[in-house]
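Here are the chains, one letter per residue:
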Amino acid sequence: MVYEVRATHNDFDSVLPDHRESKSAGQERFCVGPEIDSDWVPPTLIYSKGKKKIRPNIMSYDQDSAFTADSEAIQRLALDEADWCRLIRVTADALDLRLKPFGPIEFTLWAVTRLVDAIDRSRTTFKPYGDEVLSGSPDETWFHRERLPYEGLFHHKTGASTRILTYDDQANSNLSFKQRYEGSGVSGLTFVPLGNVV
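Quick summary incoming for the structure in this document. (Residues numbered from 1 in each chain as written. Predicted model: local features only at pLDDT ≥ 70, side-chain atom pairs only at ≥ 80, totals over all residues. Heavy atoms only, no water.)

**Considerations on the environment of Lys 100**
Next, step 1: By the element assignment, Lys 100 lies in the loop between strand 6 (85-95) and strand 7 (101-112).
Next, step 2: The exposed category is assigned to Lys 100, whose relative accessible area is 53%.
Next, step 3: In this structure, the C-alpha to C-alpha distance between Lys 100 and Ile 46, residues 54 residues apart in sequence, is 9.1 Å. (Helix = DSSP H or I, 4+ residues; strand = E, 2+ residues; numbered from the N terminus. Buried < 20%, exposed > 50% of the residue type's maximum accessible area, 1.4 Å probe, protein only.)

**Some details on the pattern of salt bridges**
Next, step 1: Enumeration according to the criterion identifies nine salt bridges in this entry.
Next, step 2: Taking the shortest distance from any N to any O, the salt bridge between Arg 6 and Glu 4 comes out at 3.2 Å.
Next, step 3: Classification of Arg 6 as partly exposed rests on a relative accessible area of 32%.
Next, step 4: By sharing partners, the salt bridges in this structure join Glu 4, Arg 6 and Arg 163 into a single network. (Salt bridge = Lys/Arg side-chain N within 4 Å of Asp/Glu carboxyl O.)

**A closer look at the sheet that holds strand 6**
Next, step 1: The six strands are arranged 2-3-6-7-5-4 in a closed barrel whose pairing can be described as mixed. Averaged over all neighbouring strand pairs, the angle between strand axes comes to 40°, with direction disregarded.
Next, step 2: Pairing of strand 4 (residues 58-61) with strand 5 (residues 66-69), which is carried by four bridges, proceeds in the antiparallel orientation. Bridge pairing in strand 5 places Met 59 opposite Thr 68. (Pairing = 2+ DSSP bridges. Axes fitted to C-alpha atoms, helices over the stretch in contact; angles between N-to-C directions.)

**Focus on the nonpolar core**
Next, step 1: Ile 58, Phe 67, Trp 84, Trp 110, Leu 153, Phe 177 and Leu 189 are the most contacted members of the largest nonpolar core, which has 22 residues in total.
Next, step 2: Listing elements by their share of this core, those giving two or more residues are strand 1 (2-7), strand 5, helix 2 (71-76), strand 7, helix 3 (177-182) and strand 12 (189-197).
Next, step 3: No other element matches strand 1, which puts three residues into this core.
Next, step 4: Ignoring anything within four residues of it in the chain, the contact list for Leu 189 reads Val 5, Arg 6, Ala 7, Thr 8, Ile 58, Phe 67, Trp 110, Phe 177 and Tyr 181.
Next, step 5: Ranked by size, the runner-up nonpolar core spans 16 residues in total, among them Tyr 47, Tyr 61, Ala 66 and Phe 107. (Core = buried A, V, L, I, M, F, W, Y, C linked by side-chain atoms within 4.5 Å. Contact = heavy atoms within 4.5 Å.)

**With respect to the packing of aromatic side chains**
Next, step 1: The tally for this structure, following the rule as stated, stands at nine aromatic pairs.
Next, step 2: Geometrically, the ring pair formed by Tyr 61 and Phe 107 is tilted, given 6.2 Å between the ring centres and 35° between the ring planes. You can see Tyr 61 sitting in strand 4 and its partner Phe 107 sitting in strand 7, a full 46 residues away along the chain. Pair check on accessibility: Tyr 61 and Phe 107 agree, each one buried.
Next, step 3: An aromatic cluster of three or more residues is present, and its members are Phe 67, Trp 84, Trp 110, Phe 177, Tyr 181 and Phe 191.
Next, step 4: For the cation-ring pair, Lys 178 lies above Tyr 3, with the distance from its terminal atom to the ring centre recorded as 5.0 Å.
Next, step 5: Its guanidinium or amino end placed over the ring of Phe 191, Lys 178 lies 5.9 Å from that ring's centre, counting from NZ or CZ. (Phe/Tyr/Trp six-rings, centres within 6.5 Å; stacked < 30°, edge-to-face > 60°. Lys NZ or Arg CZ within 6 Å of the ring centre and 35° of its normal.)

Spelled out as structure tokens, the structure:
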């Protein structure tokens, strides 16, 4: 099964760029994929407080275009050794939900850099907008097994979509990212079934 990987929104804190100044935000916004400018810095951030008082190890960055990870998550998931992501230390000024200065915040941006094109287009039904945006139903989306990376996370090449996905095969003797995450004791992610594998 292929899963969409999301942060647990609303329950936990998250950070997102302040898009009110669209021109400057557009120039500074983090771009997903393998190309990340070495001098990239985030725009002003809005710090969204979640319902729970405990900060998770992993939080959403910019509506799940990337995540933030603390040192415990980096160590337990061996993110600093992974070739499918990049860790970027960030210090930025933030606003709270009422758009008042929150103060500087420090975090490690966990950027997934791997892009994959594994959709079986002969079987898959797409939503009728955008450039092949992934369907939200596991019964409508099909992936080629041989094109899916088993280790870690990946973005799928689907035009307007910026979803982060992972592949988990119960028959594989190696631990998938989903299985490693679930055994790590790290908090902040959820896995939503997205598609079938052929």
